[in-house]
Number of protein chains: 2
Amino acid sequence: SESDREAHSGTQSSHRLLAYSDALISIIATVMILPVAHTKMENNEELRESVQLLLTTKIAVYLMTFLIVTVAWAAHIRLFQVIVRIDDCLALLNLACMMLITFLPYTFSLMAAFPENILGLLLFCGCVMVMGVIQSVIVLYAFSRPFLLNEQIQISENQNFYKHHILKVIMRVPLMCFFASIFSFIFFQLSYVLLAVVIFLPYISQSLKWCRSKAIGQVPESPDSTLFYTYLPNEPLSKDRVEAFSDGVYAIVATLLILDICEDNVPDPIVVQKQFGGSLIAALQVYGPEYLAYFGSFATVGLLWFVHHSLFLHVTKTTRFMGLLNTFSLAFVGGLPLAYQLTHEFPADSRNELEAIQISCVIIFFAGIFQLTIWVVALYNERETLHPYVRYGGCEHIFMLAKLSLYPCVALGTFFLTCILSKFSAAIFHLMEITVPFAFIVLRLLVRVGRASLR
Amino acid sequence: SESDREAHSGTQSSHRLLAYSDALISIIATVMILPVAHTKMENNEELRESVQLLLTTKIAVYLMTFLIVTVAWAAHIRLFQVIVRIDDCLALLNLACMMLITFLPYTFSLMAAFPENILGLLLFCGCVMVMGVIQSVIVLYAFSRPFLLNEQIQISENQNFYKHHILKVIMRVPLMCFFASIFSFIFFQLSYVLLAVVIFLPYISQSLKWCRSKAIGQVPESPDSTLFYTYLPNEPLSKDRVEAFSDGVYAIVATLLILDICEDNVPDPIVVQKQFGGSLIAALQVYGPEYLAYFGSFATVGLLWFVHHSLFLHVTKTTRFMGLLNTFSLAFVGGLPLAYQLTHEFPADSRNELEAIQISCVIIFFAGIFQLTIWVVALYNERETLHPYVRYGGCEHIFMLAKLSLYPCVALGTFFLTCILSKFSAAIFHLMEITVPFAFIVLRLLVRVGRASLR
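Residues numbered from 1 in each chain as written. Chains lettered and ligands numbered in written order. Predicted model: local features only at pLDDT ≥ 70, side-chain atom pairs only at ≥ 80, totals over all residues. Heavy atoms only, no water.

Caption draft 1: Focus on the overall build of chain A. Helix and strand counts for chain A stand at 19 helices and two strands. Relative to its 455 residues, chain A shows a buried fraction of 58%. Within chain A, counting contacts between residues at least 6 apart in sequence, those at least 24 apart form 79% of the total. When the accessible surface of chain A is summed, it comes to about 19100 Å², and 67% of that surface belongs to carbon and sulfur atoms. (Helix = DSSP H or I, 4+ residues; strand = E, 2+ residues; numbered from the N terminus. Buried < 20%, exposed > 50% of the residue type's maximum accessible area, 1.4 Å probe, protein only. Contact = heavy atoms within 4.5 Å. Areas by Shrake-Rupley, 256 points an atom, 1.4 Å probe, with all protein chains shown as cover.)

This is the structure we're talking about:
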């Protein structure tokens, strides 16, 4: 049987290794929002200024980390779509890779703090080069034991062609990093440009290609459908892993919220005794806005997960381009702890409070709109990527559209409300967030009634 | 087809909902180590005293949270072994449950900070009672749509019996909490006792029953094998979910380490200019021990995951008792960020440093020994729970024993070394941690050579 054969050859299904890698990578990508959220903001200062100060360093570090880590994650997916079975040796090599990936955020922190110093850059390039070497070792090892490989390659006659193609693609980025680290001694600004190009090249070329193909109407099909590492926007991306990665991001965001509550909102017994005459309830009432903000934010994260879950339930195949849009959506979801911090940090009825709500609305709007875009992109190629029920004319089509557009609409509406109503407050905003789940149930009823009346 | 039927009835596979719940619960269980690890310890103070101060409150909060959350998680598994399909309504109810679970750590923080005040206790009981109500609603809803249920129950004739049995079990804990909250107004110490009993009752009765059955040699078999919610130690516990939960804990622990590095070990540009003459390398050399501690701790977490992975690869069925042992192992794994903080916090060659290493050894020893115990327990019933290759006399038996006993042996050996050698330092300890992966490869070679020489 399958499991007998496995135990005998010492190989294992790679399922759990990949799940663990997804969990690690999603957490490391998201957790860098904490240094952003923990930045103390002065109340007397204008929010706009302090946010601009933040934007220049910490938010940049967060976004860079998120994008780089997801690029590394996409490379990891591609690698393990070729290598489908593992053994102890590959598991250990993969752990070494993970260790280097988790170290990347630190190199960004150094680059952001000391942009003129090349040490951060060198450390980053060093990490990437070592990762490239480890990945090459993984590929060479796997091709020396072909039973570890994808069945398509296993039965193929020119395994050597695949090996060289994959190695060439894998070593491209480390090689660029090697040049960047050499350039850094001569003219370090160029190295940063080189790095940015390296990192975003697949994304940029992908977007351009996609736009061109849509404009001309002619889709450049890969001649050999078994070719991996094509970097085409419709190259498949393991759906399981996209889901696992997204779950990790949503879970860590929801958890970071309560961590802040537990660390900051347990009053000091001495303060309670002195200021509140020993009444714990009176002392906790001060934290009322925090609790409301917590429940509101949790509801938003949970519901965004729910929408994501509903969408991917009907997606039958994930492409690289959908994965890219999903990454953008998740990068905004990862910003929610910052929104949570901002909305309860400022005194009620201040200009800062309104701006904090507007920032929250922007974050939620983009998180939702990118989810909607995933569906729209999927509809362009609906025969391959979508379940019949959510295609044009499918019975769930309208309901899916309603689900996906609920959050962007609510966020946009709230944004304009804050511009019109000066009395709008964080408390109202969080109460709105808590009532959205009920909107989903109302939505379902409305769609059902609407469909029944149409018949 | 399967997916057509799903879309038509609006039901969905519960797989991803459970994966998300596992991720959330594992992170919330582990993340409460952060307040413990972030406690600043004075260098001139004796470590023993400060650790004792920690032990009384923060470590207690961490352990209580970990245990309670895993009890809630076990209840969640049991519930979704009965309900195997979900729809939108169940997904939203489950999210509400998750929100309450993530709020539990805060009630413990309150209880620990204000043990004399009943507010924390009341909040906790309130959360548990609301969760009980939500779970009952979930059960009633699922039984009103039997296609959501487990097939065994779906075809059974007395569904009502199951419904009442499950509701009775679910409402047991909330009812006890109700009494505890009433008692708290009269004599609050009793309420704490009542809560402790409620929480540990299944564990205690389980351990007692298991010891008795082993002593007498007669295993009390459940008369009806389809009966769920038996609380017998050999009641099956979904293996997928035990793995997903463990992966979450290992992933978050590995990530918390780098988070500390990124938050604390990026030097201030002004300090670098003034104290180190603008040399970033000189400034970073101060953090040398931190980097070493990071790589050592990451290697330990990664390898403990690797051992766990190897073990569960050969486990064919997980029981409640194995789940309990796994929880204990994970609770110690969750303590590793504390060990990491301690080992690099104290000056070299101090008594504190040696004690910090000893604490790390104790944590690693227990994390490893509980993993070994899982295997030993599985061996007692090897026909049901283990793959033939790791049973007595199986070809992987010795290698598995070597893998599982490596960490306990290394930790024990290091502990005794710190007692004998006064020159032992944190640097040596972390270097040892980094070399352990190579020990795994040597181990594999040794076992192979040993087996070959025996033939």
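Once the structure has been displayed, the description carries forward.
Caption draft 2: Highlighting the packing of aromatic side chains. Residues and elements named next belong to chain A. Summed over all chains, the structure comprises 38 aromatic pairs over all chains. When the ring of F108 is compared with that of F124, the centres are 5.3 Å apart and the planes differ by 50°; the resulting orientation is tilted. Residue F108 is found in helix α5 (residues 88-113), and its partner F124 is found in helix α6 (residues 119-144); the two are separated by 16 residues along the sequence. Looking at F108, the relative accessible area reads 5%, which means it is buried. Between F365 and F366, the ring centres sit 5.4 Å apart and the planes meet at 80°, which makes this aromatic pair edge-to-face. (Phe/Tyr/Trp six-rings, centres within 6.5 Å; stacked < 30°, edge-to-face > 60°.)

Caption draft 3: Region of interest: the side chain of T343(A). Residue and element names in this part refer to chain A. Within the fold, T343 resides in helix α15 (residues 336-345). In this structure T343 comes out as buried when scored by relative accessible area, which is 3%. Among the polar contacts made by the side chain of T343, one reaches the main-chain carbonyl oxygen of Y340 at a distance of 3.1 Å. Ignoring sequence-local partners within four residues, the contact set of T343 consists of A356, I357, S360, A426, F429 and H430. (Polar contact = N/O pair within 3.5 Å; in protein donor to acceptor, adjacent residues only side chain to side chain.)

Caption draft 4: Highlighting the side chain of S109(B). Note that S109(B) resides in helix α5 (residues 88-113). Here S109(B) falls in the buried class, since its relative accessible area comes to 9%. S109(B) has contacts with C262(A), V266(A), M32(B) and V61(B), leaving out every residue within four places of it along the chain.

Caption draft 5: View of the relation of the copies chain A and chain B. Screw-axis analysis of chain A against chain B gives a translation of 0.0 Å along the axis, an RMSD of 0.0 Å, and a rotation angle of 180°. When the rotation and shift are considered jointly, the pair of chain copies conforms to a two-fold rotation axis. Mapped onto chain B, 100% of the interface residues of chain A again fall at the interface, so both copies present the same surface. (Least-squares fit on C-alpha atoms with pLDDT ≥ 70 in both.)

Caption draft 6: Spotlight on helix α8 (residues 159-186) of chain A. All names here are of chain A. With 28 residues, α8 extends 41 Å from end C-alpha to end C-alpha; this agrees with the ideal 40 Å at 1.5 Å per step. The largest bend in α8 comes to about 35°, at R172, with the proline P174 one to four residues further on. Regarding α8, the residues found buried are Q159, Y162, H165, I166, L167, V169, I170, P174, C177, A180, S181 and S184. (Expected span 1.5 Å × (residues − 1). Bend = angle between axes of the 7 residues up to and from the residue.)

Caption draft 7: Main features of the interface of chain A and chain B. Each partner contributes to the interface: chain A provides 80 residues, whereas chain B provides 81 residues. Note on chain A versus chain B: buried area summed over both sides is about 7000 Å², and carbon and sulfur give 75% of it. Among the residues chain A hides against chain B, the three largest losses belong to R16(A), Y20(A) and Y106(A). Together they make up 12% of the total. At the surface where chain A touches chain B, the tally comes to four salt bridges. Between D88(A) and K403(B) there is a salt bridge, and its shortest N-O distance comes to 2.9 Å. At the surface where chain A touches chain B, the tally comes to twelve residue pairs in polar contact (both at pLDDT 80 or more). The biggest single contributor to the side of chain A that touches chain B is helix α13 (residues 288-313) of chain A, with 14 residues. Considered class by class, the residues forming the side of chain A that touches chain B number 57 nonpolar, 14 polar and nine charged. (Buried area = accessible area lost by both parts, 1.4 Å probe. Salt bridge = Lys/Arg side-chain N within 4 Å of Asp/Glu carboxyl O. Nonpolar A, V, L, I, M, F, W, Y, C, P; charged D, E, K, R; others polar.)

Caption draft 8: Region of interest: the state of the cysteines. Counting across every chain of the model gives zero disulfides over all chains. With no disulfide of its own, C409(A) lies closest to C361(A) among cysteine sulfurs, the gap being 13 Å. Here C361(B) stays free of any disulfide, with the sulfur of C419(B) as its closest cysteine sulfur at 9.2 Å. (Disulfide = S-S within 2.5 Å.)

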